[in-house]
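Residue-level listing of the chains:
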Amino acid sequence: MEIGPGTRAIVSGATRGIGRSTARSLAARGATVGLLARSTDELEALAAELPKAVALPADVADRDATQAAVSSFIDGAGGLELLVANAGVAHTGPFLELEPDQVDEMVQVNFVGTLNVVRLGLPAMLARGRGHVVVVSSGAALRSFPWTAVYGGTKAAQKGFAEALRHELSGSGVSLTTVYPGEVRTSLHAHERQKMPDWFRPGDAIPPEVVSEAIVDGVNRDRREVHVPGNVRLLGLNSLAPGLVDRLLTLLRGGGAAPRRY
Ligand SMILES: NC(=O)c1ccc[n+]([C@@H]2O[C@H](COP(=O)([O-])OP(=O)(O)OC[C@H]3O[C@@H](n4cnc5c(N)ncnc54)[C@H](OP(=O)(O)O)[C@@H]3O)[C@@H](O)[C@H]2O)c1
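Below: a short report on this structure.

Reading guide: rules and limits
- Residues numbered from 1 in each chain as written.
- Predicted model: local features only at pLDDT ≥ 70, side-chain atom pairs only at ≥ 80, totals over all residues.
- Heavy atoms only, no water.
- Helix = DSSP H or I, 4+ residues; strand = E, 2+ residues; numbered from the N terminus.
- Buried < 20%, exposed > 50% of the residue type's maximum accessible area, 1.4 Å probe, protein only.
- Contact = heavy atoms within 4.5 Å.
- Pairing = 2+ DSSP bridges.
- Right-handed = clockwise from strand over helix to strand, strands pointing away.
- Near = heavy atom within 4 Å.
- Polar contact = N/O pair within 3.5 Å; in protein donor to acceptor, adjacent residues only side chain to side chain.
- Nonpolar A, V, L, I, M, F, W, Y, C, P; charged D, E, K, R; others polar.
- Expected span 1.5 Å × (residues − 1).
- Axes fitted to C-alpha atoms, helices over the stretch in contact; angles between N-to-C directions.
- Salt bridge = Lys/Arg side-chain N within 4 Å of Asp/Glu carboxyl O.
- Core = buried A, V, L, I, M, F, W, Y, C linked by side-chain atoms within 4.5 Å.

Considerations on the environment of Trp 147
Part 1: Along the chain, Trp 147 turns up in the loop between strand E5 (131–136) and helix H5 (149–168).
Part 2: Look at Trp 147 and you get partly exposed, because its relative accessible area is 36%.
Part 3: For the pair Trp 147 and His 91, spaced 56 residues apart in sequence, the C-alpha separation works out to 8.7 Å.
Part 4: The contact partners of Trp 147, leaving out residues within four places of it in the chain, are His 91, Thr 92, Gly 93, Pro 94, Lys 195 and Pro 197.

Dropping the structure here:
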């Protein structure tokens, strides 16, 4: 599906990082954009900056609030062609040192929130036989790292959901792209910078604009998957040759990325 002035899109997690950049990339192609996130002031500020944008304050973990936000956009814009399920949170640390609330938040926002947004937006696209869903997962879905057991688990859950759904949508006129970003310069870890593990390399992070342009390209070309940067694809080798990937990551990220030797 070619993104253009006729595209009506909802982006979740639109106040910062990849979501905000995606909203800008879509707006630059003339799309009408529904900006969904919790921070009302930031939503209003971005909506005022973009030519055809509307603030949709909602918590994606709250099904009723998300339903109200998605419905109000579809009613107001007259339809929906593109849904970017991007909202996400991260809490990093040894599994048992995470607070139970942090664990629940990652599951609720990253996975259940994705299901909510897609489930509520998809029917409008299927009714018209036209549309595209984007699920923003992570390289951590392909190979999860120490201290990201729960975060990586939620990202892998998105991957499994999205893979099956793309096939289920075959012949419907609606398609789906799963996005696997590597490290991106956003506020995802802003609350925990001081306690990130030593394999974390913020200096290597790419700007969110690279991801949002890759998302636009992935939709325009109906890509099954988008790996950004491209070397994230190598993490997919983990399912075939985990020892090889451990060695590669040890070389690139140090021993903390793969402390076990077998
Ligand atoms: N940054 C990376 O290195 C990286 C790498 C791979 C994948 N990703 C994925 O990319 C996606 C975007 O992350 P980012 O890096 O852009 O992070 P970010 O800068 O922290 O932005 C996260 C966005 O999600 C929104 N959000 C968080 N909880 C929400 C909730 N309950 N309901 C609605 N919106 C919510 C936030 O807005 P409010 O706080 O206003 O609600 C914000 O707009 C995430 O799914 C993340 O897992 C990021």
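Additional details are given in the paragraphs that follow.
Description of the pairing of strand E2 (residues 32–37)
Part 1: For E2, a buried count of six out of six residues is recorded, marking the element as mostly surrounded by other parts of the structure.
Part 2: Here E2 shows a buried face lined by Thr 32, Gly 34 and Leu 36 and a second buried face lined by Val 33, Leu 35 and Ala 37.
Part 3: Both strand E1 (residues 8–12) and E2 contribute to a ladder of five bridges, which runs parallel. Counted as the bridge partner of Ile 10 is Gly 34 from E2.
Part 4: Read as a crossover between parallel neighbours, the route from E1 over helix H1 (residues 17–28) to E2 is right-handed.
Part 5: Note that the unit made of E2, helix H2 (residues 40–49) and strand E3 (residues 53–57) has a crossover that is right-handed.

Re the site of the ligand
Part 1: Contacts to the ligand come from 29 residues, most closely from Thr 15, Arg 38, Ser 39, Tyr 151 and Thr 186.
Part 2: Within the side chain of Arg 38, a nitrogen or oxygen atom sits 2.7 Å from an oxygen atom of the ligand.
Part 3: A distance of 2.9 Å separates a nitrogen atom of the ligand from a polar backbone atom of Val 60.
Part 4: Residue assignment for the shell around the ligand shows that the elements contributing at least two residues are H1 and H5.
Part 5: The class makeup of the residues in the shell around the ligand is 13 nonpolar, 11 polar and five charged.

Details of helix H6 (residues 208–220)
Part 1: The end-to-end C-alpha distance of H6, which contains 13 residues, comes to 19 Å, matching closely the 18 Å that a straight helix rising 1.5 Å per residue would cover.
Part 2: Along H6, the residues that are buried comprise Pro 208, Val 211, Ser 212, Ala 214, Ile 215, Val 216, Gly 218 and Val 219.
Part 3: Here the buried face of H6 lies against H1, strand E4 (82–85), E5, strand E6 (174–181) and strand E7 (225–228).

Thoughts on the sheet that holds E7
Part 1: Within the open sheet, the seven strands sit side by side as E3-E2-E1-E4-E5-E6-E7. Their pairing is parallel. Two strands close off the open sheet at either side, each with one partner strand: E3 and E7. Sheet twist, expressed as the mean angle between neighbouring strand axes with direction ignored, is 15°.
Part 2: With four bridges joining them, E6 and E7 adopt parallel strand pairing. Bridge assignment links Val 179 to a residue of E7, and that residue is Val 226.
Part 3: Docked against the sheet, H2 engages E2 and E3, running at close to 170° with respect to E3.
Part 4: The strands that H5 touches are E5, E6 and E7; relative to E6, the one it contacts most, it runs at about 155°.

Some remarks on the pattern of salt bridges
Part 1: Under the counting rule described, the total for this entry stands at nine salt bridges.
Part 2: A salt bridge links Glu 42 to Arg 16; the nearest nitrogen and oxygen atoms lie 3.9 Å apart. Note that Glu 42 is positioned in helix H2 and Arg 16 in the loop between E1 and H1, a separation of 26 residues in sequence.
Part 3: A residue is classified by how much of its surface remains accessible, and Glu 42, at 36% relative accessible area, is partly exposed.
Part 4: Here Glu 183 ties to Arg 253 by a salt bridge, and the two come within 2.9 Å at their closest N and O atoms. Within this pair, whereas Glu 183 is found in the loop between E6 and H6, its partner Arg 253 is found in helix H7 (residues 242–253), the two being separated by 70 residues in sequence. There is no split in this pair, since Glu 183 and Arg 253 are both buried.

What to know about the nonpolar core
Part 1: With 35 residues, the main nonpolar core has Ile 10, Leu 36, Leu 80, Leu 122, Met 125, Val 133 and Leu 176 as its most contacted residues.
Part 2: Sequence-distant contacts of Leu 122, that is, excluding residues within four places in its chain, are made with Leu 83, Val 133, Leu 165, Leu 169 and Val 174.
Part 3: In terms of nonpolar packing, the next biggest core, distinct from the first, is built from 32 residues, Ile 18, Ala 23, Leu 46 and Ala 214 among them.

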